[in-house]
Amino acid sequence: MLFVKSKKSDRWWMQVPYPTGISKNERFHLVPCRYDDYTTAVNGEMPDLWWRTFQKLL
């Protein structure tokens, strides 16, 4: 799981991969998230936002 913090806006973004075979050109979807989602992932748990986004991509 990869998180990115924008230096310009200080916003956090999370990469959610597309399920295998769904999209040949795009490999992941960037989702705006909160710092709390990042800390949840650092603590070894999967953020709810990640699961909800992944389910929508199916």
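Just so it is clear, the structure is predicted and the values come from calculations on it, not from any experiment.

**Q** Where do I start with the overall build of the protein chain in this structure?
**A** Assigned secondary structure in the protein chain consists of two helices and three strands. Based on the C-alpha atoms only, the size of the protein chain along its principal axes is roughly 30 × 25 × 15 Å. Buried residues in the protein chain amount to 28% of all 58 residues. Taking as baseline every contact in the protein chain between residues at least 6 positions apart, the subset at least 24 positions apart corresponds to 37%.

**Q** Mind showing me how you'd approach the side chain of T53 here?
**A** Tracing the chain through its elements places T53 in helix α2 (residues 48–57). Not counting the four nearest positions on each side in its chain, T53 is found in contact with V16, H29 and V31.

Analysis parameters
Residues numbered from 1 in each chain as written. Predicted model: local features only at pLDDT ≥ 70, side-chain atom pairs only at ≥ 80, totals over all residues. Heavy atoms only, no water. Helix = DSSP H or I, 4+ residues; strand = E, 2+ residues; numbered from the N terminus. Buried < 20%, exposed > 50% of the residue type's maximum accessible area, 1.4 Å probe, protein only. Contact = heavy atoms within 4.5 Å.

By themselves, these are just geometric observations and shouldn't be taken as functional.
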